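# Results of the structural survey
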Amino acid sequence: MIRLVHVELLKLRTVRSTYGMLAAAALLTTLDAVLIAAQSGSSTRPPLFTAAGLRGPISTIGFALLLSWILGITVSSGEFRNRTATLTYLAAPRRGQVLAAKAIAAGFVGAVFGVVGVLLSTGVGLAFVAGDGYSVALGGTTIADYALGAVVGSALLAALGVAVGSLIRAQLGAVVAILLWGFFVESTLSNLVKGLGSYLPFTAATTLGGAPLATGGFGFPNSSSASPLPFPAVVVLLVGITAAVSALAARTTVTSDVT
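This is a predicted model, so every value here is computed, not measured. (Residues numbered from 1 in each chain as written. Predicted model: local features only at pLDDT ≥ 70, side-chain atom pairs only at ≥ 80, totals over all residues. Heavy atoms only, no water.)

## As for helix H1 (residues 2-14)
- Taking 1.5 Å per residue as the helical rise, H1 with its 13 residues ought to reach 18 Å, and the 18 Å between its terminal C-alpha atoms agrees with that figure.
- Every buried residue of H1 is listed here: Leu4, Val5, Glu8, Leu9 and Leu12. For H1, the angular spread of the buried residues around the axis is 135°, confining them to a single face. Exposed positions of H1 whose direction lies more than 90 degrees from the buried face are Arg3, His6, Arg13 and Thr14. (Helix = DSSP H or I, 4+ residues; strand = E, 2+ residues; numbered from the N terminus. Expected span 1.5 Å × (residues − 1). Buried < 20%, exposed > 50% of the residue type's maximum accessible area, 1.4 Å probe, protein only. Arc of directions from axis to C-beta.)

Here is the structure:
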């Protein structure tokens, strides 16, 4: 298993798409955080000298987490898109172990996406605070908790992406489905069913990084009064969803013909 994880990490380190998605996550996170920080103190957003106002830009980690999720999809579905699945399974016939190794490797790299995203969003928020001459309204422990949550959430979404990519072999279809899910489906379901957002994977992951429910970590105005799940509950939820999707993939698409 350790050898398989090393192989998957090597693949991720040597393909340009990993760095392209990481660069996109960094750029989009920075732009989003700047936009949120610049709008603070307006009629729709609290000022940066308040805890709620500062929370806005530093919890804007939705793009980093979403691209981490997509990275996980490409890790598994890319084998079928590039027609390398046959060679992979010949080298490692136990396909369940391959799936697990991909999930672990994607989780490691997904954590990097979380680190980059939270460093940029927090840096932007604190830079605006310093530029305006305000004091930091959030304690260091709270900011550290948000940072840890963003990293954990990003890693878990990347692992979930591997399961989704294994279940839906068509890479383009899987990526489009995740984009629609992250931007529209979860927010729509959250608005239709009160309290449901706490149990939806992407929304739950972003709340680990301090994002309010129903914002998806993108900083959209939010009027939801619902409370997110506690940190351990979100981790259990995401691990459970990943395990369920992985089990379904292992019983269906993973064992089917790859030629």
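## Some words on the nonpolar core
- Core analysis: the largest hydrophobic core is formed by 48 residues, its most contacted members being Leu65, Trp69, Phe113, Leu157, Val164, Ile178 and Phe202.
- If you list the elements that add at least two residues to this core, you get H1, helix H2 (16-39), helix H4 (62-81), helix H6 (95-132), helix H7 (140-167), helix H8 (171-192), helix H9 (201-208) and helix H10 (231-251).
- Here this core gets ten residues from one element, more than from any other, and that element is H4.
- With residues up to four places along the chain from it excluded, the contact list for valine 164 reads Trp69, Ile73, Ile178 and Val245.
- Ranked by size, the runner-up nonpolar core spans seven residues in total, among them Leu48, Leu138, Ile143 and Tyr146. (Core = buried A, V, L, I, M, F, W, Y, C linked by side-chain atoms within 4.5 Å. Contact = heavy atoms within 4.5 Å.)

## A short note on the packing of H7 against H9
- The contact between H7 and H9 brings their axes to 6 Å, and the two run at 155°. It follows from the interaxial angle that H7 and H9 lie roughly antiparallel. For the pair H7 and H9, the contacting residues are Asp145, Tyr146, Gly149, Ala150, Val152, Gly153, Leu157 and Leu160 in the first and Pro201, Phe202, Ala205 and Leu208 in the second.
- Each residue belonging to the contact of H7 with H9 can be placed in one class, and the counts come to nine nonpolar, two polar and one charged. (Axes fitted to C-alpha atoms, helices over the stretch in contact; angles between N-to-C directions. Parallel < 35°, antiparallel > 145°, perpendicular 65-115°, else oblique. Nonpolar A, V, L, I, M, F, W, Y, C, P; charged D, E, K, R; others polar.)

## Comments concerning the side chain of threonine 122
- With respect to the helices and strands, threonine 122 occurs in helix H6.
- Setting aside chain neighbours within four positions, we find threonine 122 in contact with Ile58 and Ile143.

## Overview of the side chain of serine 121
- Note on placement: serine 121 falls in helix H6.
- Setting aside its immediate chain neighbours within four residues, serine 121 contacts Thr29, Ala33, Pro57, Ile58, Thr60 and Ile61.

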